[in-house]
Amino acid sequence: MRHNPALIRLFRACKLAPAFSALWFAFGCFAAEAPAPLWTPYDESAELAEQAGHGNPRMRFQLINSRVLDKNTLWRPFEEELAAFPAARYQALLPLILEQDIASLQRSVIEQKFNYEELVLFYLYRIRAIESDNARSLNAILAVNPEALADARRRDQQRLAGEVSIDDDSLFGMPVLLKDNIGADGMATTAGALALRNNRTGNAFITARLIESGAVVLGKANLSEWAYFFCDDCPLGYSAIGGQTLNPYGRRRIESGGSSSGSAVAVAANLAVAAVGTETSGSILSPASANAVVGLKPSTGMLSRTGIIPLAGSLDSPGPVARNVADAVRLFNAMSGFDQRDRAMPLLSADASLQLRQVPLGEFRLGELESLAQNGQYRAATTALADAGARMTNVAMPTFSASGFDRLLAAEMDRDLSNYLRQMAADEVAARSVDDILLFNSEAPSLRAPYGQALFDLMVDLQIGAEDEALLRNRLRDSARELLESVFVEGQLDILLSINNLHAAVAALANYPAMTIPIGLTEDGRPTGLTLIAPSFAEQTLVDAALQVERVLAPRVPPRDYQR
């Protein structure tokens, strides 16, 4: 007797439904299944013609979709499971998962509303639905972990067997995305570059820590190629492998921010529970604020960089991207741990985890920048905080000169990236130096470097010795520290309040941690972030204040067109 594949898929779908979901069983399991959506390449010429007139030169795209990635390959390993996951079940899970924090998701698992396997299936279904729709696609994901569902099933088995204890702060079973410069078994680590398309390396230190915590690595997020130190003033969020990342608050209208573009866009559009980004100077703060999510740039040395493709070793740091402060802290804690291979890590403690404490807002003295007094959203936020009991102090921020910053980044990347290519890149990667990458790209520039590679040219052309590089680094670091220290001391501040990534460079050079929190949309629908800056390694104070600031200010506004 021949079996009907459609009936088999429906039977499997019904097995996934919790026993108490009788209504869903009655209507969902016997509903006719719609054909699985497939992504179809299309002629982008009309859209690109529209972009040519964009008021922001960086938004004048030369392409939208990647010329090398067939999006259907993202969900192809899960075709059978997705076929057994009907639209009715997805709709039933929407209010239980969309915009929910980790604590709520864990409680839903404990209450048997869904399990970890269904949670992963929900996100895979959602990624397929959005990325296969050319009117809604965001190009936020450039790889999906083929073991994600198997990993989720193992988490379910461990939980049901009583092998783990789950609480509200646990990342156990939570699907998390990694920016694609972070190493992960089973997927290439490319920095968005075709030269590293076959760079299959092991887990980065923070990836291993996430897996140890029980998190499920869902896949890789798109990014600005080479962490946006590649082409000069080119679109944020573009990579040769992933294509052009688009902002869910205004596709092709509002910039995605960068370089952790895909991480922030995916979290904003609810394509994962949370994501990991990296920052050298603004690469978490910029996309997080542009997409109305929370982004934490820790002090360099708080989280390991081992196994992450570098930009500048003196400044780089991974950090969490989430929809709320508590989830950002939970993700940070799951990644934390002392890595003796990373010489930037001071041995403050073997456990650098942060606590979710409720410290009264009145305990903090917050610095309000005079230069931002005319910004209506900033003024509304600081007024609300003052009304809620915060001790506000008006402060003036002296002008900071970052002259020579590009030269410092070029010198450090030339050395650090070349070391990575020689020591950590997979054997299948032919490029072992910046020169090799330049040559590779020059062989097919329209495919591999359509916006040019001016900053890679700068690396090669730069003539700076080790002594002069050290002098430049020390000058920039010392001037940034002196500036921020004077502001904090004179204002007796615990936290300095900025906006978006406006002061990302001075904070990075001084090694001050920063966290951006969404505070609403402008009149034309652009998200804005209030950015909190704290002294070096004062992450706990930063988090204590951020939790209270988030409580007082209006909650994040989700992107209107991505609520289904």
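Residues numbered from 1 in each chain as written. Predicted model: local features only at pLDDT ≥ 70, side-chain atom pairs only at ≥ 80, totals over all residues. Heavy atoms only, no water.

Draft legend 1. Structural detail: the nonpolar core. Counting residues in hydrophobic clusters, the biggest one holds 181 residues, and the most contacted among them are Trp226, Phe456, Leu496, Leu530 and Leu532. Considering every element that reaches this core, the biggest residue donor is helix H8 (residues 116–131), with 10 residues. In this structure, Leu532 is in contact with Ile495, Leu496, Leu497, Pro513, Ala514, Met515, Ile517, Leu542, Ala545, Ala546 and Val549, ignoring residues within four places of it in sequence. (Core = buried A, V, L, I, M, F, W, Y, C linked by side-chain atoms within 4.5 Å. Buried < 20%, exposed > 50% of the residue type's maximum accessible area, 1.4 Å probe, protein only. Helix = DSSP H or I, 4+ residues; strand = E, 2+ residues; numbered from the N terminus. Contact = heavy atoms within 4.5 Å.)

Draft legend 2. Quick peek at the side chain of Asn511. Here Asn511 is to be found in the loop between helix H20 (504–510) and strand S12 (514–521). If we ignore the near neighbours within four places in the chain, the residues touching Asn511 are Lys297, Ser299, Thr300, Arg481, Ser536 and Phe537.

Draft legend 3. Main features of the environment of Val164. Its place among the elements puts Val164 in the loop between helix H9 (148–160) and strand S2 (175–179). The sequence separation of Val164 and Ala402 amounts to 238 residues, and the corresponding C-alpha distance is 49 Å.

Draft legend 4. The confidence of the model for the protein chain, seen in detail. Of all residues in the protein chain, 93% attain a pLDDT of 70 or more, and the chain-wide mean is 93. Across residues 1–32, confidence stays below pLDDT 50; counting only partners more than four residues off in sequence or on other chains, it has 40 contacts. (pLDDT = per-residue confidence, 0-100.)

Draft legend 5. Focus on the sheet that holds strand S13 (residues 527–533). Overall, mixed pairing links the 11 strands, which are arranged S1-S3-S2-S6-S8-S7-S12-S13-S11-S9-S10 in an open sheet. Unpaired on one side and paired on the other, strand S1 (141–144) and strand S10 (391–395) mark the two borders of the sheet. Each strand of the sheet is rotated relative to its neighbour by a mean of 30 degrees, with strand direction disregarded. Note: strand S9 (residues 365–369) against strand S11 (residues 495–499), three bridges, orientation parallel. Residue pairing in the sheet places Glu368 in a bridge with Leu497 of S11. (Pairing = 2+ DSSP bridges. Axes fitted to C-alpha atoms, helices over the stretch in contact; angles between N-to-C directions.)

Draft legend 6. Structural view of the side chain of Arg448. With respect to the helices and strands, Arg448 occurs in helix H17 (residues 445–448). Arg448 gets classed as buried once you look at its relative accessible area, which sits at 17%. A distance of 2.5 Å separates a polar side-chain atom of Arg448 from the backbone oxygen of Phe440. Separated by 3.4 Å, the side chains of Arg448 and Glu443 make a polar contact. With sequence-adjacent residues up to four places away left out, Arg448 is seen in contact with Leu194, Glu225, Phe230, Ala240, Phe440, Asn441 and Glu443. (Polar contact = N/O pair within 3.5 Å; in protein donor to acceptor, adjacent residues only side chain to side chain.)

Draft legend 7. Fine view of the packing of aromatic side chains. Summed over all chains, the structure comprises nine aromatic pairs. Ring geometry for Tyr90 versus Tyr125: centroids 4.6 Å apart, planes at 25 degrees, classification stacked. With Tyr90 in helix H6 (residues 87–97) and Tyr125 in helix H8, this residue pair connects regions lying 35 residues apart in the sequence. Owing to a relative accessible area of 4%, Tyr90 belongs among the buried residues under this scheme. Where Tyr116 meets Phe172, the ring centres are 5.7 Å apart and the plane angle is 65 degrees; that geometry is what we call edge-to-face. (Phe/Tyr/Trp six-rings, centres within 6.5 Å; stacked < 30°, edge-to-face > 60°.)

Draft legend 8. View of the pattern of salt bridges. If you walk through the whole model with that rule in mind, you get 27 salt bridges. Residue Arg89 pairs with Glu118 through a salt bridge whose shortest N-O separation is 2.7 Å. Residue Arg89 is found in helix H6, and its partner Glu118 is found in helix H8; the two are separated by 29 residues along the sequence. Each member of the pair Arg89 and Glu118 is classed as buried. A salt bridge links Arg415 to Asp416; its shortest N-O distance comes to 3.1 Å. Put simply, Glu412, Arg415, Asp416, Glu469 and Arg473 are held in one network by salt bridges that share partners. (Salt bridge = Lys/Arg side-chain N within 4 Å of Asp/Glu carboxyl O.)

Draft legend 9. Molecular detail of the pairing of S9. Of all five residues making up S9, four are buried, and the element is well covered by its neighbours. With respect to chirality, the unit in which S9 leads through helix H14 (residues 376–387) into the neighbouring parallel S10 is right-handed. (Right-handed = clockwise from strand over helix to strand, strands pointing away.)

Draft legend 10. Geometry of the packing of H8 against H9. For the pair H8 and H9, the least separation of the axes is 7 Å and the interaxial angle reads 155 degrees. Accordingly, the angle class assigned to the pair H8 and H9 is roughly antiparallel. For the pair formed by H8 and H9, the contact residues are Tyr116, Glu117, Val120, Leu121 and Leu124 on the first element and Ala148, Leu149, Ala152, Arg153, Arg155, Asp156 and Arg159 on the second. Residues belonging to the contact of H8 with H9 are distributed by class as follows: seven nonpolar, no polar and five charged. (Parallel < 35°, antiparallel > 145°, perpendicular 65-115°, else oblique. Nonpolar A, V, L, I, M, F, W, Y, C, P; charged D, E, K, R; others polar.)

Draft legend 11. Highlighting the pairing of S11. Counting buried positions along S11 gives five out of five residues, so the element sits mostly inside the fold. The alternating pattern of S11 places Ile495, Leu497 and Ile499 and Leu496 and Ser498 on opposite faces, both of which are buried. Bridging between S11 and S13 involves four bridges; their strand directions are antiparallel. Opposite Leu496, over in S13, you have Ile533 as the bridge partner.

Draft legend 12. Representation of unusual backbone geometry. Looking along the chain, the bond that leaves Gly258 and enters Ser259 is cis, with omega of 10 degrees. In this structure, Ser259 sits in the loop between strand S5 (243–244) and helix H11 (261–268). Residues other than glycine seldom take positive phi values, yet Ala292 does so here, at roughly 55 degrees. Within the secondary structure, Ala292 sits in the loop between helix H12 (285–290) and strand S7 (294–297). Since its relative accessible area comes to 3%, Ala292 is described here as buried. Of note, Phe537 is a non-glycine position whose phi angle comes to about 60 degrees, a positive value. Along the polypeptide, Phe537 turns up in the loop between S13 and helix H21 (539–552). Taking relative accessible area as the criterion, Phe537 reaches 33% and is therefore assigned partly exposed.

Draft legend 13. Summary view of the environment of Gly219. Mapping Gly219 onto the fold places it in strand S3 (residues 216–221). It is 40 Å that separates the C-alpha atoms of Gly219 and Asp468, two residues lying 249 residues apart in sequence.

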